Amino acid sequence: MSAHDTPIPMVARRSGPLKGEAQIPGDKSISHRALILGALSVGETHVTGLLEGQDVLDTASAMRAFGATVTQLGQGEWRVQGVGVGGFAEPAQVIDCGNSGTGVRLIMGAMATTPISATFTGDASLNKRPMARITDPLALFGARAVGRQGGRLPMTLVGAAEPVPVRYTLPMPSAQVKSAVLLAGLNAPGETVVIEPEATRDHTERMLRGFGAEVTVEETDEGRVITLKGQPELLGQRVAVPRDPSSAAFPVCAALLVPGSEITVPGVSRNPTRDGLYVTLLEMGADIVFENPRIEGGEPVADLRVRSSPGLQGVETPPERAASMIDEFPVLSVVAALAGGTTVMRGVKELRVKESDRIDAMARGLEACGVRIEEDADTLIVHGMASVPGGATVESRLDHRIAMAFLVLGLVSERPVTVDDGGPIATSFPLFEPLMAGLGAAISRANG
Ligand code: S3P
């Protein structure tokens, strides 16, 4: 289902120091996976800290449509009664994944080796995104997809009746593609192997092991070789979802930029396949201290103490770091606009096929706010300045992270920054507005 129908314009104004504790919601990637693996398991999965953003709620509805029983027990607390590997039933309705590329791609993988068919659709953003990256490898298992021209949703996937295992080298660094292949491999006999030349987020591998699958990972000259033994019996688990480092990025970057700020952000995932933004911010001179490092829910986490950092300097982010911060480039571009010198983001072409073309969305929005940028197919360059004029209305293009990034910019620009539609924020960070307001950020509905 779409997150919203009527645009919600929002405005951010120059703010006083941000102070206090930011309780970040659950990790979106891990929340999707907890529901999907719970649905593919025998018995009961109990999830705490689930992100109740629209993207994840759409995945919960999809799992019900495939036959699992998914129940909300309390805030962030959910129970999934699974149907077991190969146990998905054919849904009676079209599966609407809303805005979520992760949702639709992982679910298509999860059903591709079961002899049922399902039709998938999404909102205007999702229905523009490329699906051949999923349907090509799923065809190797024996699944068939018919979609719109160019491999777009709406699309019907017919699962393989006699699936064969697959050995697949990822043509692009994508955890969604890797995960779709691994989830399809669950119901294929023998070993399914995914080779990733560049490491991407590894939550699927970690969680598959946690649910009882045999998964091995080898570092080789070709890259990470991930081998899954097919047709395991997955058993329901307790999953404690850690807080989302991609959502934490917004208050963290805001606190770095707004003079006099000091905030704490407890329990944020520090998974090395997700922490590229934090590595980059430290290189730029950010004052971030990682306290109480520990393991929670199978993921490394720490409490962050963040202080405003007036002397940030531009850096170059290397292509091999891009996957570990792929969702954080919009907000990094905002930090870069206020850092000394130039920030060069290399190897970022995957940003062109996110909820929006994020290179174009950031470039046009930053220009409208008075920031000089350069771009090519695979690179974004931001020229920093001592003070950003702002005073523009930018398009969020159905993209939550574009909306939140520009609202962070408005907190430190000379004149307010308006985003034409903050509605998409509800897909990943429904409590963004009250959380930021609680820290002292002047963000509000533009008409309110
Ligand atoms: C995700 C993978 C990334 C990321 C997305 C979540 C995941 O997408 O941008 O927000 O949960 O696997 P790609 O795999 O397309 O890079």
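Criteria and cut-off values
- Residues numbered from 1 in each chain as written.
- Predicted model: local features only at pLDDT ≥ 70, side-chain atom pairs only at ≥ 80, totals over all residues.
- Heavy atoms only, no water.
- UniProt positions renumbered as here; feature names shortened; annotations may be inferred.
- Phe/Tyr/Trp six-rings, centres within 6.5 Å; stacked < 30°, edge-to-face > 60°.
- Helix = DSSP H or I, 4+ residues; strand = E, 2+ residues; numbered from the N terminus.
- Buried < 20%, exposed > 50% of the residue type's maximum accessible area, 1.4 Å probe, protein only.
- Lys NZ or Arg CZ within 6 Å of the ring centre and 35° of its normal.
- Near = heavy atom within 4 Å.
- Polar contact = N/O pair within 3.5 Å; in protein donor to acceptor, adjacent residues only side chain to side chain.
- Areas by Shrake-Rupley, 256 points an atom, 1.4 Å probe, with all protein chains shown as cover.
- Nonpolar A, V, L, I, M, F, W, Y, C, P; charged D, E, K, R; others polar.
- Domains from an automatic or database assignment.
- Contact = heavy atoms within 4.5 Å.
- Expected span 1.5 Å × (residues − 1).
- Buried area = accessible area lost by both parts, 1.4 Å probe.
- Salt bridge = Lys/Arg side-chain N within 4 Å of Asp/Glu carboxyl O.
- Axes fitted to C-alpha atoms, helices over the stretch in contact; angles between N-to-C directions.
- Parallel < 35°, antiparallel > 145°, perpendicular 65-115°, else oblique.
- Left-handed = near helix turned anticlockwise from the far one by under 90°.
- Pairing = 2+ DSSP bridges.

Looking at an unreviewed UniProt entry, one finds the protein chain named 3-phosphoshikimate 1-carboxyvinyltransferase and attributed to Pararhodobacter zhoushanensis. Under the UniProt heading Subcellular location (unreviewed entry), the note attached to the protein chain is "Cytoplasm". According to the UniProt record, the Subunit (unreviewed entry) comment for the protein chain is "Monomer."

Draft legend 1. Main features of the packing of aromatic side chains. Under the counting rule described, the total for this entry stands at 5 aromatic pairs. Judged by centre distance (6.4 Å) and plane angle (80 degrees), the rings of Tyr 278 and Phe 290 are edge-to-face. Of this pair, Tyr 278 sits in helix H8 (residues 276–284) while Phe 290 sits in strand E16 (residues 287–296), placing them 12 residues apart in sequence. A residue is classified by how much of its surface remains accessible, and Tyr 278, at 3% relative accessible area, is buried. When the centroid spacing of 5.5 Å and the interplanar angle of 70 degrees are considered together, the rings of Phe 429 and Phe 432 count as edge-to-face. A relative accessible area of 0% means that Phe 429 is categorised as buried. Above the ring of Phe 290, the side-chain terminus of Arg 270 is found at 3.7 Å from the ring centroid.

Draft legend 2. Spatial organisation of the site of the ligand. Residues in contact with the ligand, as listed here, are Ser 29, Arg 33, Thr 102, Pro 173, Ser 174, Ala 175, Gln 176, Arg 201, Ile 326, Asp 327 and Lys 354. In this structure, Arg 33 approaches the ligand through a side-chain N or O atom, which is 2.7 Å from an oxygen atom. At a separation of 2.9 Å, an oxygen atom of the ligand approaches a polar backbone atom of Ala 175. Look at the ligand: alone it shows 380 Å² of surface, and the protein chains cover 96% of it. Sorting the residues of the shell around the ligand by element identifies helix H1 (28–39) and helix H5 (175–185) as the ones contributing at least two each. For the shell around the ligand, the class distribution of residues is 3 nonpolar, 4 polar and 4 charged. Counting contributing residues per domain, the shell around the ligand is built from domain 1 (10–26 + 242–445) and domain 2 (28–240), each supplying no fewer than three.

Draft legend 3. Looking closely at the UniProt feature "binding site: phosphoenolpyruvate" (unreviewed entry) in the protein chain. According to UniProt, the positions carrying the feature "binding site: phosphoenolpyruvate" (unreviewed entry) are Lys 28, Gly 101, Arg 129, Gln 176, Arg 358 and Arg 401. In this structure, Lys 28 sits in helix H1. Non-local contacts of Lys 28, meaning those with residues more than four positions away in its chain, are made with Leu 51, Asp 55, Val 56, Asp 244, Glu 355, His 400, Arg 401, Thr 427 and Ser 428. The topology assignment puts Arg 129 in the loop between strand E7 (117–121) and helix H4 (132–141). Among all residues touching Arg 129, those that are not within four sequence positions of it are Asn 99, Gly 101, Arg 105, Gly 151, Arg 152, Val 353, Lys 354 and Glu 355.

Draft legend 4. Representation of helix H2 (residues 54–65). Helix length check: H2, at 12 residues, gives a terminal C-alpha distance of 16 Å against a target of 16 Å (1.5 Å per residue), a fit within 8%. Along H2, the positions that sit buried rather than exposed are Gln 54, Asp 55, Val 56, Asp 58, Thr 59, Ala 60, Ala 62 and Met 63. Within two residues after H2, Gly 67 carries a phi angle of roughly 115 degrees, on the positive side.

Draft legend 5. Up close: the domain arrangement of the protein chain. Its domain assignment divides the protein chain into domain 1 (10–26 + 242–445) and domain 2 (28–240). The C-alpha-based centres of domain 1 and domain 2 are spaced at 28 Å. Across the contact, 27 residues belong to domain 1 and 27 residues belong to domain 2. The junction of domain 1 with domain 2 conceals about 2,200 Å² of combined surface from both sides, 48% of it contributed by carbon and sulfur atoms. Where domain 1 packs against domain 2, one counts 4 salt bridges.

Draft legend 6. Representation of the packing of helix H9 (residues 329–337) against helix H10 (residues 358–368) within the structure. Contact geometry of H9 with H10 gives a least axis separation of 10 Å together with a crossing angle of 30 degrees. Considered as vectors, H9 and H10 are oriented roughly parallel to each other. Every pair of crossing elements has a handedness; the one defined by H9 and H10 is right-handed. Between H9 and H10, the residues in contact are Pro 330, Ser 333, Val 334 and Ala 337 and Arg 358, Met 362 and Leu 366, respectively. Looking at the contact of H9 with H10 residue by residue, the class counts come to 5 nonpolar, 1 polar and 1 charged.

Draft legend 7. Here's a closer look at the UniProt feature "binding site: 3-phosphoshikimate" (unreviewed entry) in the protein chain. Using the residue numbers shown here, the UniProt feature "binding site: 3-phosphoshikimate" (unreviewed entry) corresponds to Lys 28, Ser 29, Arg 33, Ser 174, Gln 176, Asp 327 and Lys 354. Checked against the element boundaries, Ser 29 lands in helix H1. Look past the residues within four positions of Ser 29 in its chain and what remains in contact with it is Arg 201, His 203 and Arg 274. Looking at the secondary structure, you find Gln 176 in helix H5. The class for Gln 176 is buried, based on a relative accessible area of 14%. When sequence neighbours within four positions are dropped, the list of residues in contact with Gln 176 reads Gly 101, Thr 102, Arg 105, Leu 106 and Ile 134. Among the polar contacts made by the side chain of Gln 176, one reaches the side chain of Thr 102 at a distance of 2.8 Å.

Draft legend 8. Representation of the packing of H1 against H2 within the structure. Relative orientation of the contacting elements H1 and H2 amounts to 5 degrees, with a least axis distance of 9 Å. Judged on the interaxial angle alone, H2 and H1 are roughly parallel. Residues Lys 28, Ser 31, His 32, Leu 35, Ile 36 and Ala 39 of H1 lie in contact with H2, whose contacting residues are Asp 55, Val 56, Thr 59, Ala 60 and Met 63. Partitioning the contact of H1 with H2 into residue classes produces 6 nonpolar, 3 polar and 2 charged.

Draft legend 9. Quick look at the sheet that holds strand E18 (residues 316–317). Taken in spatial order, the 4 strands of this open sheet run E18-E19-E21-E20, and their pairing is mixed. In this open sheet, the two strands that pair with only one neighbour each are E18 and strand E20 (372–376). Most of the contacts of H10 go to E20, to which it runs at about 160 degrees, and overall it touches E20 and strand E21 (379–383).

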